[in-house]
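The lines below spell out each chain.
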Amino acid sequence: MHVTRGFTGRPRVPDAGLPPGQYDAKDDWPVLSAEVTPDLAPADWTFRIDGLVAEPHTWDWDAAHALPSSSYEGDIHCVTGWSKFGTRFGGVSLDAFLDVVRPHATATHAVAYAHTGYTANLPLADLRGGRAWIAFAYDGKPLPAEHGGPARLLVPHLYFWKSTKWIAGLHILDHDEPGFWERNGYHARGNPWEEQRYAGD
Amino acid sequence: MTEIVTVPTTAPRTVPAPFTPPTRFAVPGRIGVSEQAASMWQTATLTEIRRETPRVSTFRFAVPAWAGHLPGQHLMLRLTAEDGYVAQRHYSIASPPDDTGHIELTLDHVEDGEVSGWFHTVARPGDRIEVRGPLSGFFAWPGDRPALLIGAGSGVVPLMSMVRHRRARSLSVPVRLLVSARGPEDLIYARELGPETTPVFTRRAPAGVPVGRMAAAHVAPLLAEQPPGGWEAYVCGSNAFAEHASRLLVEAGQPVDRIRIERFG
């Protein structure tokens, strides 16, 4: 341990919900997208799942909203260091979409991609079992564009760069293919509880 | 030194082509950098503190094993308290790559900021902290393409690394810097800015200089004098500023896939 002379830090508030190296952003919700926020209307939004699946499928806004709604209430964690507690997202469980396309038994990973071309890779297991959503709403209101509206992927148990804004689709694969930040040195999985920030962590 | 690799449009023959999203590609391609240094924490020794503005100072460190960086990259820094409590932050690197074995960070004194507060009130030469990096190749500028740099407040920091790099290497590639500050006394690096720079003052300005927010009228002349091949635009600042500046660029005709944004947060 390399103690920094004279550094005390902010008062310790023991919080079991805070992963290692994170701080509580409280009311802030920083925006860190690397690209221009797209002007994407719900009527122009589509979501497609293809690749190693039995039946590739594309949903438009109404078709996606016709699926059973599901919400997430809990915490989110950004690789830059902030965590936000008690967020409330509304949308549809990703299981509902995956049940329609039926991934092959050989499928292991997915590339999530945005309408901007941004990508993030995820193990398929992290997208199933009630742990991932397509989110349309935050705090009961339409998801703001700068936070990925009209629709974003939500995978709150991983660092938030995996939760692709302006989600356009999932491409299902039998191997891992690095996405936008992963090609820029970030970790392939990004589990905040194991502090998997960068490749090699 | 870092190796510069732009993403190939075609994959090597023996490897299956990676998945490319069937979308209008708005995210600019990667500028590849070495990733070996990123996972290793190194000791950085503070050697000098220079006041830039009433709220901003530059901190110079000796990092003997620093692997080098590209202008625009950032690092992660950590401070450790006696009880083991650790605070980590990402900061843009202000110095150019050729400053062998040394790096400089320029930090705002954030109200109640536990890390910036330590730097501005406790730190003195000889203090040791830990850093890892350089990180991310997305906002990097290798000096290989005309660059239009737009920043506000301490958003000028990574852009200054680019301006300094161009000067240090006597590069002929065009660079323009449009920088927004509240007033002349808040303009970071004011003494260093040259003819490539246009300051925009939002609250107070010297006599005869207009006061106001960055506007289309500031961006239009820069896009009108576009070099062959066009500008690569780099925008850095708060999210509100980045949204505003990127909208001005898009409205002025800058392609979205040639706008790279670094937002603070």
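Residues numbered from 1 in each chain as written. Chains lettered and ligands numbered in written order. Predicted model: local features only at pLDDT ≥ 70, side-chain atom pairs only at ≥ 80, totals over all residues.

Student: How should the overall build of chain B be read in this particular structure?
Tutor: If you tally the helices and strands in chain B, you get 4 helices and 13 strands. Residues classed as buried in chain B amount to 44% of the 265 residues present. (Helix = DSSP H or I, 4+ residues; strand = E, 2+ residues; numbered from the N terminus. Buried ≥ 20, exposed ≤ 12 C-beta atoms within 10 Å, placed from the backbone.)

Student: Would you explain the overall build of chain A in this entry?
Tutor: Of the regular secondary structure elements, chain A holds 3 helices and 11 strands. Secondary structure of chain A in N-to-C order comes out as β-β-β-α-β-β-α-β-β-β-β-β-β-α. At 17 Å, chain A has a C-alpha radius of gyration in line with the 17 Å of a compact globule built from 201 residues. Along the first, second and third principal axes, the C-alpha atoms of chain A reach 60 × 35 × 30 Å. Out of the 201 residues belonging to chain A, those deemed buried represent 45%. Contacts in chain A between residues far apart in sequence, at least 24 positions, make up 66% of those at least 6 positions apart. (Rg over C-alpha atoms; globule rule 2.2 N^0.38 Å. Contact = placed C-beta atoms within 7 Å.)

Student: Would you mind going over the sheet that holds strand S10 (residues 175-181) of chain B with me for this structure?
Tutor: The strands making up a sheet associate through backbone hydrogen bonding, with each pair oriented either parallel or antiparallel. Residues and elements named next belong to chain B. One open sheet accounts for 5 strands, arranged S11-S10-S9-S12-S13; its pairing is parallel. Each edge of the open sheet carries a strand with a single partner, namely strand S11 (197-201) and strand S13 (259-263). Each strand of the sheet is rotated relative to its neighbour by a mean of 15°, with strand direction disregarded. In the packing of helix H2 (residues 156-168) onto the sheet, the strands contacted are strand S9 (147-152), S10, strand S12 (232-237) and S13, and the crossing angle to S10 comes to about 150°. Contacts between helix H3 (residues 216-224) and the sheet are confined to S9, S10 and S11, with S10 contributing the most and set at about 175° to the helix. (Pairing = 2+ DSSP bridges. Axes fitted to C-alpha atoms, helices over the stretch in contact; angles between N-to-C directions.)

Student: Mind showing me how you'd approach the pairing of strand S4 (residues 56-62) of chain B here?
Tutor: Strand residues, when the strand is regular, have side chains that alternate between the two faces of the sheet. Residues and elements named next belong to chain B. Alignment of strand S3 (residues 42-53) against S4, held across 7 bridges, turns out to be antiparallel. Among the inter-strand pairings, arginine 50 is bridged to a residue of S4, identified as threonine 58. Hairpin connection, S3 to S4: the antiparallel pair is bridged by 2 residues. Sheet analysis places S4 next to strand S7 (residues 102-108), joined by 7 bridges and oriented antiparallel. Bridging from a neighbouring strand, phenylalanine 61 pairs with isoleucine 103 of S7.

Student: What is the right way to read the interface of chain A and chain B from this model?
Tutor: Reports often express the size of an interface as the amount of accessible area lost when the parts come together. Residue-level contacts link 42 residues of chain A with 45 residues of chain B. Counting only elements with at least two residues in the side of chain A that touches chain B, the list comes to strand S6 (109-114), strand S11 (167-173) and helix H3 (180-183) of chain A. For the side of chain A that touches chain B, a count of residues per class yields 16 nonpolar, 18 polar and 8 charged. (Nonpolar A, V, L, I, M, F, W, Y, C, P; charged D, E, K, R; others polar.)

Student: Can you walk me through the nonpolar core in this structure?
Tutor: Taken as a class, soluble globular proteins show a tendency for nonpolar side chains to be buried jointly. Core analysis: the largest hydrophobic core is formed by 67 residues, its most contacted members being Ala147, Leu149, Leu159, Ala233, Tyr234, Val235 and Ala245 of chain B. Counting residues per element, this core draws most heavily on H2 of chain B, at 6 residues. Shared between two domains, this core takes at least three residues from each, and those domains are domain 1 (42-135) and domain 2 (147-263) of chain B. With residues up to four places along the chain from it excluded, the contact list for alanine 245 of chain B reads Ile150, Met214 and Val235 of chain B. Ranked by size, the runner-up nonpolar core spans 46 residues in total, among them Val111, Ala112, Tyr118 and Tyr138 of chain A. (Core = buried A, V, L, I, M, F, W, Y, C linked by C-beta atoms within 7 Å. Domains from an automatic or database assignment.)

Student: I'm lost on the environment of tryptophan 66 of chain B in this one. Help?
Tutor: All names here are of chain B. Following the sequence through the fold, tryptophan 66 ends up in the loop between S4 and strand S5 (74-80). As for tryptophan 66 and threonine 100, which are separated by 34 residues in sequence, their C-alpha atoms are 7.9 Å apart. Excluding residues within four positions of it along the chain, tryptophan 66 makes contact with Gly101 and Ile103.

Student: Even after reading the chapter, I still don't get the UniProt feature "domain: FAD-binding FR-type" (unreviewed entry) in chain B, so can you show me in this structure?
Tutor: Per the UniProt record, "domain: FAD-binding FR-type" (unreviewed entry) is found at residues 39-141 of chain B. In this annotation, residues 39-141 of chain B is assigned 8% helix and 47% strand; the end-to-end C-alpha distance for the span is 22 Å. (UniProt positions renumbered as here; feature names shortened; annotations may be inferred.)

Student: It is not clear to me how the domain arrangement of chain B should be interpreted in this structure. Could you clarify?
Tutor: All names here are of chain B. Taken domain by domain, chain B comprises domain 1 (42-135) and domain 2 (147-263). Distance from the C-alpha centre of domain 1 to the C-alpha centre of domain 2: 24 Å. Each partner contributes residues to the interface: domain 1 has 15 residues there, and domain 2 has 14 residues. Elements with a contribution of two residues or more to the side of domain 1 that touches domain 2: S3 and S7. Looking at side-chain class alone, the side of domain 1 that touches domain 2 contains 7 nonpolar, 5 polar and 3 charged residues.

Student: Mind showing me how you'd approach the UniProt feature "domain: Oxidoreductase molybdopterin-binding" (unreviewed entry) in chain A here?
Tutor: The sites that carry the UniProt feature "domain: Oxidoreductase molybdopterin-binding" (unreviewed entry) are, in the present numbering, residues 37-181 of chain A. Taken end to end, residues 37-181 of chain A is 10% helix and 41% strand, and its first and last C-alpha atoms sit 17 Å apart.

Student: Looking at this model, I keep getting lost on the sheet that holds S7 of chain B. Mind explaining?
Tutor: Residue and element names in this part refer to chain B. Read across the open sheet, the 6 strands follow the order S6-S5-S8-S3-S4-S7; overall the sheet is antiparallel. A single partner strand is all that each edge strand has here, and the edge strands are strand S6 (86-92) and S7. Between one strand axis and the next, the sheet turns through 40° on average, direction left out of account.

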